[in-house]
Amino acid sequence: MPGAVDVMVCGVDEAGRGPLAGPVYAAAVILDPARRINGLADSKVLAAERREVLAGRIKERAVAWAVACASVEEIDAINIFRASLLAMRRAVEALSVAPHEAWIDGTHCPDLACRSRAIVDGDALHKVISAASILAKTARDAEMARLHEHYPQYGFDRHKGYSTREHLVLLARHGPCEIHRRSFDPVRVFFEKDLFSES
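Reading the values: the criteria
Residues numbered from 1 in each chain as written. Predicted model: local features only at pLDDT ≥ 70, side-chain atom pairs only at ≥ 80, totals over all residues. Heavy atoms only, no water. Core = buried A, V, L, I, M, F, W, Y, C linked by side-chain atoms within 4.5 Å. Buried < 20%, exposed > 50% of the residue type's maximum accessible area, 1.4 Å probe, protein only. Helix = DSSP H or I, 4+ residues; strand = E, 2+ residues; numbered from the N terminus. Contact = heavy atoms within 4.5 Å. Phe/Tyr/Trp six-rings, centres within 6.5 Å; stacked < 30°, edge-to-face > 60°. Lys NZ or Arg CZ within 6 Å of the ring centre and 35° of its normal. Pairing = 2+ DSSP bridges.

1. Some points on the nonpolar core
Okay, so step 1: C10, V12, I30, V92, L95 and A102 are the most contacted members of the largest nonpolar core, which has 32 residues in total.
Okay, so step 2: Those elements that place two or more of their residues in this core are β1 (9–15), β2 (24–30), β3 (64–70), α3 (80–93), β4 (101–105) and α8 (185–198).
Okay, so step 3: Broken down by element, the residue count for this core peaks at 8 residues, all from α3.
Okay, so step 4: Sequence-distant contacts of V92, that is, excluding residues within four places in its chain, are made with C10, V12, A28, P99 and L112.
Okay, so step 5: Membership of the second largest hydrophobic core comes to 16 residues, among which are L40, A41, L46 and I134.

2. Description of the packing of aromatic side chains
Okay, so step 1: Applying the stated criterion across every chain yields a total of 1 aromatic pair.
Okay, so step 2: On the numbers, 5.4 Å between centres and 20° between planes, the contact of Y154 with F156 is stacked. Exposure class is identical for Y154 and F156. Each is buried.
Okay, so step 3: Over the ring of W103 we find R117; its NZ or CZ atom is 5.0 Å from the centre of that ring.

3. Topic: unusual backbone geometry
Okay, so step 1: For D121, which is not a glycine, the phi torsion comes out positive at approximately 60°.
Okay, so step 2: With respect to the helices, strands and loops of the structure, D121 is situated in the loop between β5 (115–119) and α4 (122–125).
Okay, so step 3: One non-glycine residue, K160, lies in the positive phi region at around 60°.
Okay, so step 4: Assignment of secondary structure puts K160 in the loop between α6 (156–159) and α7 (165–174).

4. A word on the pairing of β1
Okay, so step 1: With 7 of its 7 residues buried, β1 lies for the most part within the structure.
Okay, so step 2: Because side chains alternate across β1, one face comprises the buried residues V9, G11, D13 and A15, and the other comprises C10, V12 and E14, equally buried.
Okay, so step 3: Across 4 bridges, the pairing between β1 and β4 is parallel. Considered in β4, the bridge of C10 is made with A102.
Okay, so step 4: Where β1 and β2 come together, 5 bridges link them in antiparallel fashion. Residue V12 lies in a different strand from β2, and its bridge partner there is A28.

5. As for the environment of P99
Okay, so step 1: Tracing the sequence through the fold places P99 in the loop between α3 and β4.
Okay, so step 2: Residues P99 and C10, 89 residues apart in the sequence, show an inter-C-alpha distance of 6.0 Å.

So this is what it looks like as structure tokens:
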């Protein structure tokens, strides 16, 4: 129960800052110390199947959890750094239980109503941030798999929008689609090329 926790800490992490396409996601999690979850770790070191299993356990056993995102349009309008902080703030504000403190993975904190601290490599050091990294990553991967159904020519279900060789080849072949981030260099070059050709 929430009352059993002296200081209600939520872990916060994002997924999808680096990709050329798709929204950036963030998650906030308040773990219940009475309901242990074994195997929590930075989502990047876990196999996809393991992440899905752990995501289910986090959702079942956490005091509270929430996932939020910032859209491609918001990323292009305010930049990926600010959009990541915006997604984090939205995730914390969506929690059904208000935390006393937020531990953020990285070097910067979003503007929150509670105390916050940024922790470099927090997703590897603190289980509450690991849990947030797992929820953010699984939510974003699911969204990219859904978007693949709308834009199958780019292979989003495989590379999730990251700038893999396969993605760059397909981007060059088809040009960018609606969910590509125009503010990112490999995508922006297509719009600059169109601008020069028109002039």
